[in-house]
Amino acid sequence: MNNRVDLVEKITPWRESWKVHVKVVKLWYHKNPALDPSQNLLHMVLMDEKLHKIQATIRDQLILKFSVSLNEGDVYLMTHFTVVPNTALNRVTKHRFRLLFQYNTSVVSVVSPRIPHSGLCFASIDEIDQMTKEHNFLIDFVGIITGVRKERDVASYGKLVKAVVVEVFADGKRVQCNVFGNACDLLEYDKLQKYPRSPLVVLESFKIKVIKGGVILQNVINVSRLFINSDIPESVEFLSRFSVASYGFSRLVTNDLGYLVSKVDGDYFNPKEITNIQDLHSDNGDSHYFVIGTIKEVMDEPDWWYYTCMCGHAVVEHEDLYLCDACGSCVEHIMVK
């Protein structure tokens, strides 16, 4: 019996007997109304332990055969595919090829801790700004929401869909993001204003569009996804970076035009706002302070810091779980403030 497993990056069309050990990091159903609105397709992004990814597609007539055994986030041993060029209009991976399931494709669920990664690969805002022409590869992006503006519904293939313009901040810069369809439900004003600071947003599989004077991000309906204050390690890593942690973000508030906006304080060290320890003792308010001092001793007692959720709200420890009242959920990945 051949137990050899192939690496995703090695897959080419020259054979069909590929065997891959992969995690389903993204799974979605999609119709293309421009081609055949009756044809339903099940798409996946598969990732191996080397973090290489490839797209796989299941055609309409085989969806019932495989959909019951496929779950996003699970790991499988898969064999026998047709390999075709990855020439889709919107490519979710950089692999030159993609997989088509056959009737005899084998899918076996396995238990494996070797692929813990979420599969997200964030583009930097500098990489986005340097784009001079549009391409069909979709990108992931993470940032802080600093502005939200509702627009009139727009027509899409004979239907009216919601439209929201979002301003996202990362590494000292801002980028506009246009969101259409059901993803707009996550950007309702009352939902975003419940958080103590501007929420973190993860944009998965968004399109870069080059416009006059710059670039914008835009979702692809039924393909792109949007997550608010996502409880994942990548969120902690982003918020902990000096280029992000050095900024202060206010709660989103409504301005005179009816838009949501956030104040961004970009001064990591402002000489005009230096205070002293005596003033700190007399001030009971929560705020950002600049203090110059000498470390005399490191205290072990945990009374000068606390755990928070991704949203910035303090969490409550309960039987080895952390609960966030603002999000109404258990929190796996917490931050120290």
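How each quantity is defined
- Residues numbered from 1 in each chain as written.
- Predicted model: local features only at pLDDT ≥ 70, side-chain atom pairs only at ≥ 80, totals over all residues.
- Heavy atoms only, no water.
- Patch = residues over 30% accessible without salt bridge, like charges linked within 9 Å, V, L, I, M, F, W, Y side chains within 5 Å.
- Areas by Shrake-Rupley, 256 points an atom, 1.4 Å probe, with all protein chains shown as cover.
- Salt bridge = Lys/Arg side-chain N within 4 Å of Asp/Glu carboxyl O.
- Helix = DSSP H or I, 4+ residues; strand = E, 2+ residues; numbered from the N terminus.
- Core = buried A, V, L, I, M, F, W, Y, C linked by side-chain atoms within 4.5 Å.
- Buried < 20%, exposed > 50% of the residue type's maximum accessible area, 1.4 Å probe, protein only.
- Domains from an automatic or database assignment.
- Contact = heavy atoms within 4.5 Å.
- Disulfide = S-S within 2.5 Å.
- Arc of directions from axis to C-beta.
- Pairing = 2+ DSSP bridges.
- Axes fitted to C-alpha atoms, helices over the stretch in contact; angles between N-to-C directions.

Colleague: Is there a simple way to explain a nonpolar patch on the surface in this structure?
Modeller: A contiguous nonpolar surface patch, about 330 Å² in accessible area, is contributed by Ile277, Leu280, Tyr289 and Val291. Structurally, Val291 can be placed in strand β17 (residues 290–291).

Colleague: Help me out: how do you make sense of the pattern of salt bridges in this one?
Modeller: Opposite charge on two side chains makes pairing possible when the charged atoms of those side chains draw close. Scanning the entire structure with this criterion turns up 13 salt bridges. One salt bridge in this structure joins Lys173 and Asp126, with 2.6 Å as the shortest N-O distance. Here Asp126 lies in helix α2 (residues 125–129) and Lys173 lies in strand β8 (residues 173–180), a separation of 47 residues in the sequence. Among the salt bridges present, the one from Lys150 reaches Glu188, with a minimum N-O distance of 3.2 Å.

Colleague: Just checking my understanding: could you explain the nonpolar core for this structure?
Modeller: If you look at soluble globular proteins, the nonpolar side chains tend to sit buried side by side. In this structure, Phe141, Leu187 and Leu217 are the most contacted members of the largest nonpolar core, which totals 51 residues. When residues are assigned to domains, this core turns out to be shared by domain 2 (125–254) and domain 3 (307–336), each giving three or more. Non-local contacts of Phe141, meaning those with residues more than four positions away in its chain, are made with Phe122, Ala123, Ser124, Ile125, Ile128, Val168, Ala170, Val175, Val201, Val202, Leu203 and Leu217. In this structure, Val24, Ala56, Met78 and Phe97 belong to the second largest nonpolar core, which totals 24 residues.

Colleague: Teacher, can you tell me more about the state of the cysteines here?
Modeller: Note on terminology: a disulfide is the covalent bond linking the sulfur atoms of two cysteines. For the structure shown, the criterion picks out 0 disulfides. Cysteine Cys311 shares no disulfide, and the gap to the nearest cysteine sulfur, in Cys324, comes to 3.7 Å.

Colleague: Just checking my understanding: could you explain helix α4 (residues 233–240) for this structure?
Modeller: Those residues of α4 that sit buried are Glu234, Ser235, Phe238 and Leu239. In an axial view of α4, the angular spread of the buried residues amounts to 130°, which keeps them on one side of the axis. Where α4 is buried, its residues contact β6 (139–156), β7 (159–170), β9 (200–211), α5 (242–245) and β22 (335–336).

Colleague: Sorry if this is basic, but what is going on with the sheet that holds strand β20 (residues 321–324) here?
Modeller: What holds strands together in a sheet is hydrogen bonding between their backbones, with the strands either parallel or antiparallel. Pairing is antiparallel in the open sheet, where 3 strands are placed in the order β19-β20-β21. Lying at the two open borders of the sheet, with one neighbouring strand each, are β19 (316–318) and β21 (329–331). Mean inter-strand twist for the sheet, computed between neighbouring axes without regard to direction, equals 45°.

Shape is all these values report; function is a separate question.
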